[in-house]
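# Architecture at a glance
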Amino acid sequence: MKEKFEGRAYVLGNNVDTDQIIPAAHLVYSLSDPEERKKYGEYALSGVPAEGAGLPKGNTPFIEEGKWQSEYSVIIGGKNFGCGSSREHAPACMEIAGVQAVIAESYARIFYRNSVDGGFFIPFESEKLLTEEINTGDELAIDLKANTLTNRTQNKTYSLKPLGDVKDIIEAGNIFEYAKKTGLIPA
Amino acid sequence: MAMTITEKILAAHAGKTSAQPGDNIWVDVDVLMTHDVCGPGAIAIFKKHFGQNAKVWDPEKLVIIPDHYIFTEDPHALRNVDILRDFVKEQNLPYYYDPGTDDYKGVCHVALAQEGHNRPGEVLFGTDSHTCTSGAFGMFSTGIGNTDAAFIMGTGKLWVKVPETMRFEFHGTFPPYIMAKDILLQVIGDIGCDGATYRTMEWAGDAVMQFSMEERMTLCNMAIEAGGKNSVIEADSVTEKYVRERSDKSYSIEHSDADAKYIFRKSYDAAAMEPVVAKPHSPDNKALARECSDVKLDRSYIGSCTGGKLTDFLAAAEILNGQKVKIETYIVPATREVEHGIRETKIDGKTLQTIFEEAGCHIGEPSCAACLGGPKDTFGRTHGTEVVVSTTNRNFPGRMGSKQSAVYLASPYTAAASALTGHITDPREVMPAKV
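What counts and what doesn't
- Residues numbered from 1 in each chain as written.
- Chains lettered and ligands numbered in written order.
- Predicted model: local features only at pLDDT ≥ 70, side-chain atom pairs only at ≥ 80, totals over all residues.
- Heavy atoms only, no water.
- Contact = heavy atoms within 4.5 Å.
- Buried area = accessible area lost by both parts, 1.4 Å probe.
- Salt bridge = Lys/Arg side-chain N within 4 Å of Asp/Glu carboxyl O.
- Helix = DSSP H or I, 4+ residues; strand = E, 2+ residues; numbered from the N terminus.
- Nonpolar A, V, L, I, M, F, W, Y, C, P; charged D, E, K, R; others polar.
- Disulfide = S-S within 2.5 Å.
- Buried < 20%, exposed > 50% of the residue type's maximum accessible area, 1.4 Å probe, protein only.
- Domains from an automatic or database assignment.
- Polar contact = N/O pair within 3.5 Å; in protein donor to acceptor, adjacent residues only side chain to side chain.
- Core = buried A, V, L, I, M, F, W, Y, C linked by side-chain atoms within 4.5 Å.
- Phe/Tyr/Trp six-rings, centres within 6.5 Å; stacked < 30°, edge-to-face > 60°.
- Pairing = 2+ DSSP bridges.
- Axes fitted to C-alpha atoms, helices over the stretch in contact; angles between N-to-C directions.
- Parallel < 35°, antiparallel > 145°, perpendicular 65-115°, else oblique.
- Left-handed = near helix turned anticlockwise from the far one by under 90°.

This brings us to the interface of chain A and chain B. If you look at the interface, chain A gives 45 residues, while chain B gives 48 residues. Interface of chain A and chain B: buried area, both sides summed, is about 3600 Å²; carbon and sulfur atoms make up 59% of it. On inspection of chain A and its partner chain B, the count reaches four salt bridges. A salt bridge links B:Arg399 to A:Asp19, with the shortest nitrogen-to-oxygen separation between them at 2.9 Å. Of all the elements in the fold, those that place two or more residues in the side of chain A that touches chain B are α1 (18-21), α4 (109-117) and α6 (175-181) of chain A. Element by element, the count of residues in the side of chain A that touches chain B is highest for α4(A), at six residues. When the residues that make up the side of chain A that touches chain B are grouped by side-chain class, the tally is 20 nonpolar, 15 polar and 10 charged.

Here is the structure:
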């Protein structure tokens, strides 16, 4: 597990649901085919209403037309991030697009669990709502050891909540590696 | 130690005498269900981690029900069903319901019940968030992703954090114009779309226990719309009768102890309930149907795991009988069994099918259809700025297809009443005999 990473922020609001993260019409593509899976990057966050896409200004596409990877690698969300469906295509499409971390005030349960068990990225919880403090495009740095998020553009540092129960799975990489470590399945 | 139904079931499946909220435990899985949208992904992960020639832990316990993108020409969607077929053959799975054959059923959550895969006291995981529907049978059921499903395929186990339980009691008798959907939208509106996150929603009270199994399934279906992990209703003689007609496997009925600990309790007067809608674009955006009569509609949609069971169509037909709809109205039975019921069940000597046809409704094939938008050629999908009243479960932006469309969630009574007037209509306005 990397101890530090940095990237530019893409800010979303509260209750970003899985239909916004990846609209159901696109769920037909293969996640294991190397070429086909790029479609998930192309359509990642394409269901977010324009006014909420890249706050505070909005109308900022996460993925530029014709591309499948984003210039933004840290998603800042509000409450109940990832609510709705159990589709693992939601965290998967974000990872394919280049997302390294999501920092939200709270998560919907299945999205959170999928992110952890599938090892797509770390779903951090912020101590307070950050969606109105961080702007899309801000340069961010996350320090896992110190459990902090630094906004280099605004020169501010925030503490993140401890990873808690899922820390061991995150450290192992995914649920399979965790199960091997604990002896539940053969290594 | 005093425990709730959910705590008892999880403890028993972890080989423990007790389980408390917050405990992380590995549970043995009784049934894993998957479908055409998530099955292919889960199968790929299973093979990646357990080997190309790996066998699933127990073929009898893996149930595959294609239901999402069935009646479409989309080549990727059709390819995904082929992946399921190949896997079923390779693994010799007995419970697979193949599209295009007499075995095809339709929407997985309703088919699970109808085909006898729901049994009290069991643990069921499914790669679909509305798997919480099965909690109506006094069992633990919840939605998971592809990775967790692949893990179960290989091991028959999954880790679970034992949830805290919220208890919702309804006492007395519901008025005849109230359906389980109204109760659900009322409660989700009261607690908010993350009001039950990580928690169990336990439904109880004499009014709830008067519900049929289909209405109980509706009640449990939308726990996920409040963030809930699972939903549960204690099994009783109604449950046992339904299960015994469909399964000969043994089961155990769990009861919540009188002194079990709840994180939240709320009691409602059943008789005071009114028809409720959820306005765009969130299931917790509650309003009374009678407060929304200024909302002009383009479409009424009656279908899905939430609102596409025989009970739902009986309710719609009561209102549409002998009338003509004013707006496009779509009827999508959840399963072939429901479709059969529509063709055979009669009101005033007329089948529901005839009532719907005479009213001017479009009737589709059993599947998830436009509940979640889906491929462009999906029956009933929105493509523009349609304003829709729907018996489905989600009204997120773009959920039924077009990001510009707006969806009002409602009961089948309200959806049918609104179909007759062209605006959101409290069913009491068009069903005077029942008031």
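Additional details are given in the paragraphs that follow.
Under the counting rule described, the total for this entry stands at zero disulfides over all chains. The thiol of A:Cys83 is unpaired, and the distance to the nearest cysteine sulfur, on B:Cys193, comes to 5.6 Å. By relative accessible area, A:Cys83 is classed as buried at 7%. Not part of a disulfide, B:Cys38 finds its nearest cysteine sulfur in B:Cys108, a span of 9.5 Å.

Looking now at the domain arrangement of chain B. Often the size quoted for an interface is simply the accessible area lost on bringing the parts together. Residue and element names in this part refer to chain B. Domain annotation for chain B reports domain 1 (5-247 + 260-268) and domain 2 (277-428). Taken over C-alpha atoms, the centre of domain 1 sits 24 Å from the centre of domain 2. The interface of domain 1 with domain 2 comprises 40 residues on the first partner and 40 residues on the second. For the domain 1 and domain 2 pair, buried surface summed over both sides reaches about 3300 Å², with 60% attributable to carbon and sulfur atoms. The interface formed by domain 1 and domain 2 contains three salt bridges. Close ionic contact of Arg394 with Glu225 constitutes a salt bridge, the shortest N to O distance being 2.4 Å. Across the contact surface, domain 1 and domain 2 share 19 residue pairs in polar contact (both at pLDDT 80 or more). Within the residue set of the side of domain 1 that touches domain 2, elements represented by two or more residues are α4 (108-114), α6 (180-191) and α8 (213-221). With seven residues, α6 is the single largest residue contributor to the side of domain 1 that touches domain 2. When grouped by side-chain class, the residues that make up the side of domain 1 that touches domain 2 number 15 nonpolar, 13 polar and 12 charged.

The subject of this paragraph is the nonpolar core. Counting residues in hydrophobic clusters, the biggest one holds 110 residues, and the most contacted among them are A:Phe62, A:Ile75, A:Phe81, A:Met94, A:Phe124, A:Ile142 and B:Phe125. Each of domain 1 (5-247 + 260-268) and domain 2 (277-428) of chain B gives at least three residues to this core. Ignoring any residue separated from it by four or fewer positions in sequence, one finds A:Phe62 in contact with A:Tyr10, A:Ala44, A:Leu45, A:Ser70, A:Glu71, A:Tyr72, A:Ile75, A:Ala97 and A:Val99. By size, the runner-up hydrophobic cluster in this structure holds 97 residues, among which are B:Leu112, B:Met201, B:Leu297 and B:Ala315.

Bringing the packing of aromatic side chains into the picture now. Within the structure shown, the criterion is met by 25 aromatic pairs over all chains. Ring plane angle 45 degrees and centroid distance 5.1 Å describe the contact between A:Tyr10 and A:Tyr72, whose orientation is recorded as tilted. A residue pair is termed long-range when its members are at least 10 positions apart, and A:Tyr10 in strand β1 (residues 4-11) and A:Tyr72 in the loop between α2 (38-43) and β2 (74-76) qualify at 62 residues. The exposure class assigned to A:Tyr10 is buried, which follows from its relative accessible area of 1%. On the basis of an interplanar angle of 45 degrees and a centroid distance of 5.4 Å, the ring pair of A:Tyr107 and A:Tyr112 is categorised as tilted. This pair shows no difference in class: A:Tyr107 is buried, exactly as A:Tyr112 is. Three or more aromatic residues link up through ring pairs in this structure, and these residues are A:Phe176, A:Tyr178, B:Trp26, B:Phe46, B:Phe50, B:Phe87 and B:Phe151.

Attention now goes to the environment of B:Pro283. Residues and elements named next belong to chain B. In this fold, Pro283 is placed in the loop between β11 (276-278) and β12 (286-288). You can call Pro283 buried: its relative accessible area is 2%. A sequence separation of 86 residues divides Pro283 from Ala369, and the C-alpha atoms of the two residues are 19 Å apart. If we ignore the near neighbours within four places in the chain, the residues touching Pro283 are Leu185, Ile188, Met222, Glu225, Ala278, Asn393, Arg394, Asn395, Phe396 and Leu409.

This part takes up α4(A). Residue and element names in this part refer to chain A. Counted residue by residue, α4 has nine buried out of nine residues, so it is predominantly covered. Within the sequence span of α4, burial applies to Arg109, Ile110, Phe111, Tyr112, Arg113, Asn114, Ser115, Val116 and Asp117. Directly beyond the C-terminal end of α4, a positive phi value near 65 degrees is found at Gly119.

Turning our attention to the pattern of salt bridges. Residues and elements named next belong to chain B. One pass over the full model with this rule turns up 46 salt bridges over all chains. For the salt bridge of Lys105 with Glu115, the shortest nitrogen-to-oxygen distance reads 3.8 Å. With Lys105 in the loop between α3 (75-91) and α4 and Glu115 in the loop between α4 and β4 (123-126), this pair connects stretches of sequence that are 10 residues apart. According to the relative accessible area criterion, Glu115 is partly exposed, its value standing at 26%. Among the ionic pairs, Arg336 bridges to Glu365, the shortest N-O distance being 2.8 Å. Here Arg336 is found in helix α12 (residues 336-344), whereas its partner Glu365 is found in the loop between β17 (362-363) and β18 (387-390), with 29 residues between them in sequence. Residues participating in the shared-partner salt-bridge network are Arg167, Glu169, Glu202 and Arg265.

Our next topic: the sheet that holds strand β8 (residues 199-204) of chain B. All names here are of chain B. Spatial strand order, β9-β8-β7-β10: four strands in an open sheet with parallel pairing. This sheet does not close on itself; its edge strands, each paired only once, are β9 (230-233) and β10 (264-269). On average, each strand axis in the sheet is tilted by 20 degrees relative to the strand beside it, whichever way the strands run. Sheet topology note: the strand β7 (residues 164-171)/β10 ladder contains six bridges and is parallel. Looking across to β10, one finds that Phe170 is bridged to Tyr268. Here helix α1 (residues 5-13) sits on the sheet and contacts β7, β8 and β9; the angle it forms with β9, its principal contact strand, is near 110 degrees. Along the sheet, α8 contacts β8 and β9; its crossing angle with β9, the most-contacted strand, is approximately 150 degrees.

Think of two packed helices as two axes; the pair is described by the angle between the axes and how far apart they sit. Residues and elements named next belong to chain A. Two numbers describe how helix α3 (residues 89-96) lies on α4: the axes approach to 9 Å, and their chain directions differ by 50 degrees. Considering their axes alone, α3 and α4 lie oblique with respect to each other. By crossing handedness, the relation of α3 to α4 is classed as right-handed. Contacts between α3 and α4 pair Ala90, Pro91 and Met94 from the former with Phe111, Asn114 and Ser115 from the latter. Classifying every residue of the contact of α3 with α4 by side-chain character gives four nonpolar, two polar and no charged.

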